[in-house]
Amino acid sequence: MRHLDTKKKYRFLFVMEMSEGLATVYKNLRKAIGGMHDIDATWLPVELNPAELVAGMPLAKIPPFSTSWSLQRGLLTRSYVHSMEKSGSLFDAAFFNTTAPAFFLKQFRRRVPCVDALDSTPIVLARYGYNRPRATGNLFVNQFRHRLIQNVFNGAMYLLPWSRFAKESLVTDYGIPEEKISIVPPGIDLSIWSCDSKSSPEARRSAGKTTVLFVGGNFARKGGDLLLKIAKREEFEKHEFHFVTKGFSGPDGRNIFVHDNLEPNSETLISLYRQADIFVLPTRSDVFSLACIEAMAMGLPVITTNVGGIGEIVVDGENGFIVPVDDEWALLERLRVLLGNAELRTRLGKNGRQLVESKFNLEIMAKSVIHFLIKAATSKHEGSG
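What this report covers is the structure whose coordinates are included nearby. Predicted model only: the values in this text are computed from it and were never measured.

### Remarks on the pairing of strand β7 (residues 240-244)
Right, so step 1: Counting buried residues along β7, 4 of its 5 residues qualify, which places the element largely inside the surrounding structure.
Right, so step 2: Relative to strand β8 (residues 256-259), β7 runs parallel, the two sharing 4 bridges. Note on β8: the bridge partner recorded for F241 is I256.

### Regarding the side chain of D189
Right, so step 1: Assignment of secondary structure puts D189 in the loop between α6 (164-174) and α7 (201-206).
Right, so step 2: By relative accessible area, D189 is classed as buried at 9%.
Right, so step 3: Of note is the side chain of D189, whose polar atom sits 2.4 Å from the side chain of K31.
Right, so step 4: For D189, the contacting residues outside a window of four places in its chain are K31 and L362.

### Remarks on the sheet that holds strand β9 (residues 278-281)
To summarise the sheet geometry, strands pair through backbone hydrogen bonds and adopt either a parallel or an antiparallel arrangement.
Right, so step 1: Taken together, the 6 strands give an open sheet; going across it, the order is β8-β7-β6-β9-β10-β11, and neighbouring strands pair in parallel fashion. Every interior strand has two partners, whereas the edge strands, β8 and β11 (320-322), have only one. Across the sheet, the mean angle from the axis of one strand to that of its neighbour is 20 degrees, orientation sign disregarded.
Right, so step 2: Here 5 bridges tie strand β6 (residues 211-215) to β7, and the two strands are oriented parallel to one another. Bridge pairing in β7 places L213 opposite H242.
Right, so step 3: Across the sheet, helix α9 (residues 267-275) lies against β6, β7, β8 and β9, angled at about 140 degrees from β6, the strand it touches most.

### What about α6?
Right, so step 1: Along α6, the residues that are buried comprise F165, A166, S169, L170 and Y174. What you see down the axis of α6 is that its buried residues fit within an arc of 145 degrees, all on one side. Every exposed residue of α6 that faces more than 90 degrees away from the buried side is listed here: E168 and T172.
Right, so step 2: Elements that come into contact with the buried residues of α6 comprise β4 (114-118), α4 (122-127), α5 (139-155) and β5 (158-161).

### A few points about empty space enclosed by the protein
Right, so step 1: Taken as a whole, this structure holds 2 cavities of 30 Å³ or more when the rule is applied.
Right, so step 2: When its volume is computed, the second largest cavity comes out at roughly 30 Å³.
Right, so step 3: Residue lining of the second largest cavity: F95, A117, L160, W162, V184, M365 and V369, and that is the complete set.

### Quick notes on the pattern of salt bridges
Opposite charge on two side chains makes pairing possible when the charged atoms of those side chains draw close.
Right, so step 1: Using the criterion set out here, one finds 20 salt bridges in the structure.
Right, so step 2: K222 serves as the salt-bridge partner of D286, at 2.8 Å between the closest nitrogen and oxygen. One end of the pair, D286, is in the loop between β9 and α10 (290-297); the other, K222, is in the loop between β6 and α8 (224-231), with 64 residues separating them in the sequence. In terms of burial, D286 and K222 fall into one category: buried.
Right, so step 3: In this structure, R233 and E235 form a salt bridge, with 3.2 Å as the shortest nitrogen-oxygen distance.
Right, so step 4: The class of R233 is partly exposed, set by a relative accessible area of 31%.
Right, so step 5: Residue E235 is classed as partly exposed on the basis of its relative accessible area of 40%.
Right, so step 6: One network of salt bridges, in which partners are shared, links R233, E235, E333 and R336.

### Details of the packing of aromatic side chains
Right, so step 1: By the definition in use, this model includes 17 aromatic pairs.
Right, so step 2: Taking the centre distance of 4.9 Å and the plane angle of 85 degrees together, the rings of W193 and Y273 count as edge-to-face. Here Y273 lies in helix α9 and W193 lies in the loop between α6 and α7, a separation of 80 residues in the sequence. Neither residue differs from the other here; W193 and Y273 are each classed as buried.
Right, so step 3: Ring centres 6.3 Å apart and planes at 65 degrees place the aromatic pair F288 and F360 in the edge-to-face group. In this pair, F288 sits in the loop between β9 and α10 while F360 sits in the loop between α12 (342-359) and α13 (362-383), placing the two residues 72 residues apart along the sequence. Residue F288 shares its accessibility class with F360, and that shared class is buried.
Right, so step 4: An aromatic cluster of three or more residues is present, and its members are F14, Y26, W43 and F95.
Right, so step 5: A cation over an aromatic ring shows up here: R109 above the ring of F96, its NZ or CZ 5.0 Å from the ring centre.
Right, so step 6: R334 extends its terminal NZ or CZ atom over the ring of F321, reaching a point 4.2 Å from the ring centre.

What counts, and at which threshold
Residues numbered from 1 in each chain as written. Predicted model: local features only at pLDDT ≥ 70, side-chain atom pairs only at ≥ 80, totals over all residues. Heavy atoms only, no water. Buried < 20%, exposed > 50% of the residue type's maximum accessible area, 1.4 Å probe, protein only. Helix = DSSP H or I, 4+ residues; strand = E, 2+ residues; numbered from the N terminus. Pairing = 2+ DSSP bridges. Polar contact = N/O pair within 3.5 Å; in protein donor to acceptor, adjacent residues only side chain to side chain. Contact = heavy atoms within 4.5 Å. Axes fitted to C-alpha atoms, helices over the stretch in contact; angles between N-to-C directions. Arc of directions from axis to C-beta. 1 Å grid on protein atoms, 1.4 Å probe; cavity = no way out; pocket = protein on both sides within 12 Å on 5 of 7 lines; lining within 4 Å. Points joined across faces, edges and corners; volume = space filled by probe spheres on them. Salt bridge = Lys/Arg side-chain N within 4 Å of Asp/Glu carboxyl O. Phe/Tyr/Trp six-rings, centres within 6.5 Å; stacked < 30°, edge-to-face > 60°. Lys NZ or Arg CZ within 6 Å of the ring centre and 35° of its normal.

Spelled out as structure tokens, the structure:
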């Protein structure tokens, strides 16, 4: 790794969109980089729906901006970054965790080398039914956004997709050269996502209590209704089913518990993982799954579907089971297998923990991000020398 010789510290700007999963990554990355003494980090979190924040910006009230939150986030970020620069802030490089905040920073990104991470691409999200603009079917808005996105990808010095799934879209859908793409999965903080002796698989097994956990903000899209249907079956009435979600739809039962509005990395959320024996996410549409990684970190076997990049997290038969989307019978059978075989749960859970330690570790992710930022800053410095 090359280093700049002209500064004691690297000055990096981190522009972080704050949707559910991205907000978790933001908190994790900020904690990890906060302990790096040679990095002077400036953090700019961008809210998901900044309608009130942009109320004073006349341009945001005019189509196509008024019909697209992603365009509004771009305007808001441009305003923040311009204010920083006017106040004298200088940066060696900048990191963006998604595309929308970079939409209207073309000149800034020409001056400051940028590294962009992404869980997926907008084309893939559209295929999955995500992020539809409020002006559904507005061809002009869609074409305008596509040009902005293409400019962001082309202007980045390095692109860091979370998965091969996302990388393939960058190459095939946007024509990005492979040499500027490196896969850097998100990492979780293993110092807090870990089991203690009282919540180890062995301790849970000896307690004679079996608990199934579901964590997904969008209850229907994540397949929560399918698991709920199974939880109501008479054969599972002695097992507990816990749903962590903001959109639960269905009556509670004696063995059904619902938890809403839990913060990422909160002790309450982590405790639910520690108390669980099996993690189930029968998602219908996803590009990645931090929840599956968190479950694996806690030594839980995972049952999920092979959508998006999840197949790069859960390997069927090694750290969990993959079932077809909306296949209630397959989900039911795999759940029966795990509920009836504590030794198998323990083995799959241990394999999952090992995979997280080697591939989805926050420390590894943070070092990779900083590596590419330094590489970008060095390249810019040498090019201007």
